[in-house]
Structures are given as structure tokens and as C-alpha cells.
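# Residue-level structure breakdown
Okay, here's what each chain looks like letter by letter:
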Amino acid sequence: QVQLVESGGGLVQPGGSLRLSCAASGSIFSINIMGWYRQAPGKQREVVATITTVGNTNYADSVSGRFTISRDNAKRTVYLQMNSLKPEDTAVYYCNLKSAARQYWGQGTQVTVSS
């Protein structure tokens, strides 16, 4: 029904930047929260950033000031601009969409920060 497709992951050096994109398709309630989560091996999935339909944002303390989440409602796409990347940012990043009725997840995209 609803599909989220992420792109933009890859290998980057510490201090570098990367931009993730997530395009949504299907029947989606107009009011929703989209966000990015990440999960490293052996660790729980954690929220990175979220954004509402009208643009209200929240960030994890660990990424505040370095990452920026944004969305284009016309394109049904959410972005995550990641700057000043650190090795501890290495994880699989998942796109998420949450409405009053349901929650959906993307397939995940690998982000590796290493020299």
C-alpha cells in the first residue's frame, strides 16, 4: 500500500556530508510525521529526526546542530542533510512515516563514516 524508498547512503570520511532522500508512494493521510531512524549492529533502533507536515522538527541530541531534516510535500519526499559526520553516525538509516492510523518503514540505507 504505502512504500518508502530511501537513497543517498554510502561511505564518507569523518567531517564529511551526505544527504539522504526518502520518497513515499501510495495512499497516505495528509497529516503525518516523517522521520529518520538509525540502527547500528547490536544496538536498538533510535530516532534521529522527525518532521511534521507543516515543518515542525525534532532532533536527537547526538545530531542536533549537524543534521537537518526537511520535506517536500508536493514531491512526497523527506530529506536528511548530514554534516560533520562522525564514525559513531555509522548505521543503517531508515525512513519512517507515521499517521494516526499506521506506521511505515523504508528498506534502509547504509551510512558508513570511516577514514
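What this report covers is the structure whose coordinates are included nearby.

Here is what the cut-offs are and how they apply
Residues numbered from 1 in each chain as written. Predicted model: local features only at pLDDT ≥ 70, side-chain atom pairs only at ≥ 80, totals over all residues. Heavy atoms only, no water. Pairing = 2+ DSSP bridges. Helix = DSSP H or I, 4+ residues; strand = E, 2+ residues; numbered from the N terminus. Axes fitted to C-alpha atoms, helices over the stretch in contact; angles between N-to-C directions. Buried < 20%, exposed > 50% of the residue type's maximum accessible area, 1.4 Å probe, protein only.

## Notes on the sheet that holds strand β3 (residues 18-25)
The strands that make up a sheet are held in pairs by hydrogen bonds between backbone atoms, and each pair lies either parallel or antiparallel. Within the open sheet, the four strands sit side by side as β1-β3-β8-β7. Their pairing is antiparallel. Every interior strand has two partners, whereas the edge strands, β1 (3-7) and β7 (67-72), have only one. The sheet shows a mean angle of 15° between the axes of neighbouring strands, taken without regard to direction. Alignment of β3 against strand β8 (residues 77-82), held across six bridges, turns out to be antiparallel. Within β8, the position partnered with Ala23 by the bridge is Thr77.

## Some words on the pairing of strand β9 (residues 91-98)
Taking burial as the measure, the eight residues of β9 include six buried ones, the bulk of the element. Here strand β4 (residues 33-39) runs beside β9; their pairing, made up of seven bridges, is antiparallel. Its bridge partner lying in β9, Ile33 is registered against Lys98. Relative to strand β11 (residues 109-113), β9 runs antiparallel, the two sharing three bridges. Of the residues in β11, the one forming a bridge with Val92 is Gln110. Relative to strand β10 (residues 103-105), β9 is paired through three bridges, and the arrangement is antiparallel. Within the sheet, the bridge partner assigned to Lys98 lies in β10 and is Gln103. The loop that links β9 with its antiparallel partner β10 comprises four residues.

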